[in-house]
Structures are given as structure tokens and as C-alpha cells.
Amino acid sequence: PFRTRKTLILVSVLSAVAVIVLSWNTWSSFRSDAVVSAQIYSIEVVNEFPHDPAAFTQGLLYGGNDTLLESTGLNGHSSVREVDLQTGKIKILKNMEYEYFGEGLTLLGKRLYQVTWLRNTGFIYDRYNLTKLKSFTHGMKDGWGLATDGKILFGSDGSSSLYHLNPRTMKAMKEHVVKYKGHEVHNLNELEYINNEVWANIWQSDCIARISPVDGSVIGWVLLPELRAELLSAGHKIDVLNGIAWDEDKKRLFVTGKLWPKLYEIKLQPLR
Ligand code: DDQ
Ligand code: CA
């Protein structure tokens, strides 16, 4: 009886270990599958709208009521503006001082937050008349993109970091390195918060990364080379894709680029 008891204990311990090992393997393969299966999307254009071809778009968001709020760059051409979606006409324009190069823009409550390139300086404007209310410094290495979930701000500085910023201090509360299958994704630029994800234009590419704000992992890629290609083949002197805006009410997704004469409303098509 002693032998059998010992065997029984051994068998139970071994099977317990086996269960733990097997479930751990299942769990890890489930986890790595989740990363590997990042969905790839192409796009379909649903609407085209005029866009100021002199706007070096650096920040873009939907302002409600068929308006867009936009930040433009280049020294001497930088601005924050409210634009009519249908006509592309500027409704309110605030030009910035020569020393500032406008970058990311986001709206939290009634305040518009804007960062600038190569100066650790940002500005807060009144959303309705675009009057400058104050300036701030921030906790990023540079000012590229901004977005918000309605509570905190997300920021990018051209590196692979996605920052969680405290809107009261503009200091970083968290910093995630954005990765796709373990590889760092650099050049994060203009941002947009869409359905619990942060979407980022990758500078000098025709790609948008869909990023989990929880850990910085890339959960999808949107590939849209045809927009820039079409504008270039029509002879337009344009720069890169930049500017994502989401209309939460009507679920409309808009993209444009630097010096692009058009702004596109697009829909995603999963590939494969
Ligand atoms: N950034 O948007 C990627 C942060 C900066 C883009 C800088 C582009 C500089 C263009 C300078 C042209 C001068 C005529
Ligand atoms: Ca945006």
C-alpha cells in the first residue's frame, strides 16, 4: 500500500505540473497569436473635399458641425485654423509667430492644445474663437503629435514613444515604446484617438499604425499609398500623408497630408 500511495502522489504531482505547463503554453501562444494577427487594412475613398494646398498640415481633428480644426507648420506659415469641411474654406485663422512651427493639435473640453517643432513650447487656445490663452512646456523630447481620450492627452515626438500626458501639467505620466512584432516603430507623427486605440501617421510613409494605448503594441496597420500617388501623378507639389481626424458621431474618418489639395473621407477594408 505504501508503494501505491507514493505512486499516486507522484502521478498527481506530475499531472498537476503537466496541467500548469500546458495551460501556460496555451496562454502564451494565445498571447503571441494576438500580436502576430495584427490586421492589415487597405482603404476605400468615400468622399473627397477641398483642402488648402498651402496648409502644411501637422495637426487635424474633427470639430463637429462639418468643421475641422487644423494646425499648420513651416516657419512663417504656421497657424491654427477652423475650416469648413465641405468647401475647405478657412473660417477662423490665427497665424503664429515666425519662430514657431505648428505641430500636433487636440481638443479637450473647450481648450485646444497645440505643440510646436524643435521648441519645447505649446499653446492652449479657446476652441470657439482660437484666442491664445496660455503657453506651456511639455515632457516630450519634441512636439509632433497630440490626441486625447477626453481625459488625458497622448503625445508623440517623432521617436517610437507614445506618451500619456497630464493635461494640467503636460508632463509625461507614462511612456510606451510602440512595437510591432517586437520591432520598435519610429517616426510616430500625427495622432488620433479612435475607439480606444491611438492611430498614428508614420512620418514619411503611407502607413497609419493602430496602437493599443494600454501597452504600445501595434494592433493593426492601415496602408494608403494610393492617395499620395494619385495627387503626385496629377502633378501636385505635395509632401507626405499627415492628418487623421475622426467624427465620432457620424463615424467618419478623414485623412489629408502636408500641402495636399484634398482631404479624403475613407473607409477601411481588411486585407486577407
Ligand atoms: N515634422 O513634422 C516631421 C515634425 C517636421 C517636418 C519638417 C519638415 C521641414 C520642411 C522644411 C522645408 C523648408 C522649406
Ligand atoms: Ca488627429
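Everything numeric here is computed off the predicted structure, so don't read it as measured data. (Residues numbered from 1 in each chain as written. Chains lettered and ligands numbered in written order. Predicted model: local features only at pLDDT ≥ 70, side-chain atom pairs only at ≥ 80, totals over all residues. Heavy atoms only, no water.)

Asker: Help me understand the coordination of the calcium ion (ligand 2) in this model?
Answerer: Six octahedral donors at a metal ideally form angles of 90 or 180 degrees, and four tetrahedral donors ideally form angles of 109.5 degrees. Taken together, the protein donors to the calcium ion (ligand 2) comprise L60 (O), E190 (OE), E190 (OE), L191 (O), E192 (OE) and I244 (O), at separations of 2.3 to 2.9 Å. What the 6 donor atoms of the calcium ion (ligand 2) show is an angle range of 47 to 174 degrees at the metal, which sorts the shape as irregular. Every donor residue of the calcium ion (ligand 2) comes from the same chain, spaced as L-x129-E-L-E-x51-I. Residue L60 is located in strand β2 (residues 57–64), and its partner I244 is located in strand β20 (residues 241–247); the two are separated by 184 residues in the primary sequence. Comparing L60 with I244, the two get one shared label, buried. (Donors = N, O, S within 2.8 Å, 3.2 Å for Na, K, Ca; no water. Tetrahedral: all angles 85-135°; square planar, octahedral: opposite > 155°, others 65-115°. Helix = DSSP H or I, 4+ residues; strand = E, 2+ residues; numbered from the N terminus. Buried < 20%, exposed > 50% of the residue type's maximum accessible area, 1.4 Å probe, protein only.)

Asker: Got a minute to help me understand the packing of aromatic side chains in this structure?
Answerer: By convention here, two paired aromatic rings are described through the distance between centres and the angle between planes. By the definition in use, this model includes 11 aromatic pairs. When the centroid spacing of 6.2 Å and the interplanar angle of 90 degrees are considered together, the rings of F56 and F101 count as edge-to-face. Placement of the pair is F56 in the loop between β1 (39–50) and β2 and F101 in the loop between β5 (90–95) and β6 (102–108), with a sequence separation of 45 residues. The interplanar angle of 85 degrees and the centroid separation of 5.0 Å between the aromatic rings of Y100 and F123 together place this pair among those described as edge-to-face. Highlighted residues: Y100 in the loop between β5 and β6 and F123 in strand β8 (residues 122–126), separated in sequence by 23 residues. (Phe/Tyr/Trp six-rings, centres within 6.5 Å; stacked < 30°, edge-to-face > 60°.)

Asker: Just to check I follow, could you spell out the site of ligand 1 for this structure?
Answerer: Near ligand 1 the following residues occur: Q58, L74, F101, E103, W117, W144, W203 and K258. At 3.2 Å from an oxygen atom of ligand 1 is found a side-chain nitrogen or oxygen belonging to K258. Protein coverage of the free-state accessible area of ligand 1, which is 430 Å², stands at 62%. Looking at side-chain class alone, the shell around ligand 1 contains 5 nonpolar, 1 polar and 2 charged residues. (Near = heavy atom within 4 Å. Polar contact = N/O pair within 3.5 Å; in protein donor to acceptor, adjacent residues only side chain to side chain. Areas by Shrake-Rupley, 256 points an atom, 1.4 Å probe, with all protein chains shown as cover. Nonpolar A, V, L, I, M, F, W, Y, C, P; charged D, E, K, R; others polar.)

Asker: What should I look at first to understand the pairing of strand β19 (residues 218–223) in this one?
Answerer: When a strand is regular, its side chains alternate between the sheet's two faces. For β1 and β19, the ladder comprises 3 bridges, and the chain directions are parallel. Bridge pairing in β19 links Q39 to G220. Connecting strand β18 (residues 207–211) to the next strand, β19, in antiparallel fashion are 6 residues, including G216 with a positive phi near 85 degrees. (Pairing = 2+ DSSP bridges.)

Asker: Just to check I follow, could you spell out the environment of S42 for this structure?
Answerer: Mapped onto the secondary structure, S42 falls in strand β1. Between the C-alpha atom of S42 and that of G158, which follows or precedes it by 116 residues, the distance is 24 Å. Excluding its chain neighbours within four sequence positions, the residues that come into contact with S42 are L223, K267, L268, Q269 and L271. (Contact = heavy atoms within 4.5 Å.)

Asker: Can you help me understand the confidence of the model for the protein chain in this one?
Answerer: A low pLDDT means the predicted coordinates there should not be read in detail. Per-residue confidence for the protein chain gives a mean pLDDT of 93; residues scoring 70 or more make up 92%. The ipTM assigned to the predicted complex is 0.91, against a pTM of 0.87. (pLDDT = per-residue confidence, 0-100.)

Asker: What should I look at first to understand the pattern of salt bridges in this one?
Answerer: A side chain with one charge can pair with a side chain of the opposite charge if their charged atoms come near. The final tally for this structure, using the stated rule, is 11 salt bridges. In this structure, D66 and R252 form a salt bridge, with 2.9 Å as the shortest nitrogen-oxygen distance. Taken as a pair, D66 in the loop between β2 and β3 (67–72) and R252 in strand β21 (residues 252–257) lie far apart in primary sequence, 186 residues in all. Residue D66 shares its accessibility class with R252, and that shared class is buried. For E230, the salt bridge is made with K262, and the minimal N-O distance between the two is 3.7 Å. Of the two residues, E230 is situated in helix α2 (residues 225–233) and K262 in strand β22 (residues 262–270); the sequence distance between them amounts to 32 residues. For E230, a relative accessible area of 37% corresponds to the partly exposed category. By sharing partners, the salt bridges in this structure join E48, E230 and K262 into a single network. (Salt bridge = Lys/Arg side-chain N within 4 Å of Asp/Glu carboxyl O.)

Asker: Is there a simple way to explain the sheet that holds β18 in this structure?
Answerer: The pairing of strands in a sheet comes from backbone hydrogen bonds and takes either a parallel or an antiparallel form. In spatial order, the strands read β16-β17-β18-β19-β1-β22-β21-β20; together these 8 strands make up an open sheet with mixed pairing. Unpaired on one side and paired on the other, β16 (188–194) and β20 mark the two borders of the sheet. With direction set aside, neighbouring strand axes in the sheet form an average angle of 30 degrees. Sheet topology places β21 next to β22; 3 bridges connect them, and they run antiparallel. Looking across to β22, one finds that F254 is bridged to E265. Against the sheet, α2 engages β1, β19, β20, β21 and β22, with an angle of about 145 degrees to β22. (Axes fitted to C-alpha atoms, helices over the stretch in contact; angles between N-to-C directions.)

Asker: Before we go on, may I ask you to explain the sheet that holds strand β11 (residues 153–156) in this structure?
Answerer: The 4 strands are arranged β10-β11-β12-β13 in an open sheet whose pairing can be described as antiparallel. Either end of the sheet is taken by a strand with one partner, and the two such strands are β10 (145–148) and β13 (172–177). This sheet shows a mean twist of 25 degrees between the axes of neighbouring strands, independent of strand direction. Here β10 runs beside β11; their pairing, made up of 4 bridges, is antiparallel. Note that in β11 the partner of G145 across the bridge is S156.

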